[in-house]
Amino acid sequence: MSDAPLRAAGLECIRGDRLLFSGLNLNLSPSQLLQVEGANGAGKTSLLRVLAGLSRPAEGEVLWRGLDIQHNRAAYFTEMVYMGHAPGLKAELSPLENLKVSAALREGPADDARIEAALTRVGLGGFEDVPARGLSAGQKQRTALCRLLLNPVPLWILDEPFTALDVRGITLVRELLEAHLAEGGMALMTSHHALEVRGDCRSLNLS
Ligand SMILES: Nc1ncnc2c1ncn2[C@@H]1O[C@H](COP(=O)(O)OP(=O)(O)OP(=O)(O)O)[C@@H](O)[C@H]1O
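The rules behind these values
- Residues numbered from 1 in each chain as written.
- Predicted model: local features only at pLDDT ≥ 70, side-chain atom pairs only at ≥ 80, totals over all residues.
- Helix = DSSP H or I, 4+ residues; strand = E, 2+ residues; numbered from the N terminus.
- Rg over C-alpha atoms; globule rule 2.2 N^0.38 Å.
- Buried ≥ 20, exposed ≤ 12 C-beta atoms within 10 Å, placed from the backbone.
- Near = placed C-beta within 6 Å.
- Nonpolar A, V, L, I, M, F, W, Y, C, P; charged D, E, K, R; others polar.
- Pairing = 2+ DSSP bridges.
- Right-handed = clockwise from strand over helix to strand, strands pointing away.
- Domains from an automatic or database assignment.
- Contact = placed C-beta atoms within 7 Å.

In the annotation of an unreviewed UniProt entry, the entry for the chain reads Cytochrome c biogenesis heme-transporting ATPase CcmA, and the organism field reads Methylococcus geothermalis.

Quick look at the overall build of the chain now. Within the chain, the secondary structure is distributed over 6 helices and 9 strands. For the chain, the C-alpha radius of gyration of 17 Å lies close to 17 Å, the compact-globule estimate for 207 residues. Projecting the C-alpha coordinates of the chain onto the three principal axes gives extents of approximately 50 × 35 × 35 Å. Expressed as a percentage of its 207 residues, the buried residues of the chain come to 36%.

Around the ligand, the surrounding shell consists of Arg 15, Gly 16, Arg 18, Leu 20, Gly 38, Asn 40, Gly 41, Ala 42, Gly 43, Lys 44, Thr 45 and Ser 46. Going through the elements one at a time, strand E2 (18-28) and helix H1 (44-51) are the ones with two or more residues in the shell around the ligand. Top contributing element to the shell around the ligand by residue count: H1, with 3 residues. For the shell around the ligand, the per-class residue count stands at 2 nonpolar, 7 polar and 3 charged.

Of note in this structure, Arg 65 is not a glycine but carries a positive phi near 50 degrees. The residue Arg 65 is located in the loop between strand E4 (59-64) and strand E5 (67-68) in this model. Given 15 C-beta atoms within a 10 Å radius, Arg 65 is considered partly exposed. Backbone geometry places Glu 160, a non-glycine residue, at a positive phi of 50 degrees. Among the structural elements, Glu 160 can be located in the loop between strand E7 (155-159) and helix H6 (167-182).

Looking now at the pairing of strand E8 (residues 186-190). Within a regular beta strand, the side chains point alternately toward one face of the sheet and then the other, so they alternate between its two faces. Buried residues dominate E8, accounting for 5 of its 5 residues. Covered by surrounding structure in E8 are Met 186, Leu 188 and Thr 190 together with Ala 187 and Met 189, the residues of both alternating faces. Examined bridge by bridge, E7 and E8 share 5 bridges and lie parallel to one another. Looking at E8, one finds that Asp 159 is bridged to Thr 190. Chirality of the crossover, the property in question, places the unit of E7, H6 and E8 among those that are right-handed.

Assigned domains of the chain: these are domain 1 (1-79 + 153-207) and domain 2 (93-151). Taking only C-alpha atoms into account, the centre of domain 1 sits 24 Å from that of domain 2. Taken together, the 11 residues of domain 1 in the interface contact 9 residues of domain 2. Looking at which element gives the most residues to the side of domain 1 that touches domain 2, the answer is H6, with 5 residues. Considered class by class, the residues forming the side of domain 1 that touches domain 2 number 7 nonpolar, 2 polar and 2 charged.

Structure follows, in structure tokens:
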């Protein structure tokens, strides 16, 4: 049996009256990236939500370090970050405030200097105090990416992380992924962009 930290076996997913996939197995080991590919509507987001423990499969199980994530959600959520389609920011709060709130919800109060350094790293120096409703789509996405820097966890699950990003933003995500893999992290990702990431990269096609 594989000793990969993330293992899924026999996954089946049905949305409405459509069977999206069945009998799906996957493993993810340290320093690996798995890119989930497929046409619009193939079930990529549905699969990522199941792997993140946000929805339940019709059949099968997802194991994290050998334990079913549905029965060990609290432990799983301390070791995994999920970034969905939407950046998930409160419109009236600034990037600094949004990140303080999300850090406080996860690992306790965060220090401003660390958050400001992360915002600078993602190219948002000078925008720390602008309410999120006044940011562009790409700037909101960059704010969301800061969560990866501020909350170092082994597993990233990223649904379309390049949404709204310009060329430099796409390079930034690639660099973050490469550093994460080099440190032994794991990542699952969907993307319609072809992306060359240095490291152990695999793909799973749902079409
Ligand atoms: N809440 C829902 N209720 C019913 N069907 C849904 C729901 N959400 C998604 N679906 C259906 O499930 C299928 C897969 O959707 P999903 O979002 O997983 O696809 P995707 O591969 O991520 O697509 P895209 O590339 O467009 O983001 C689609 O046919 C969609 O219509």
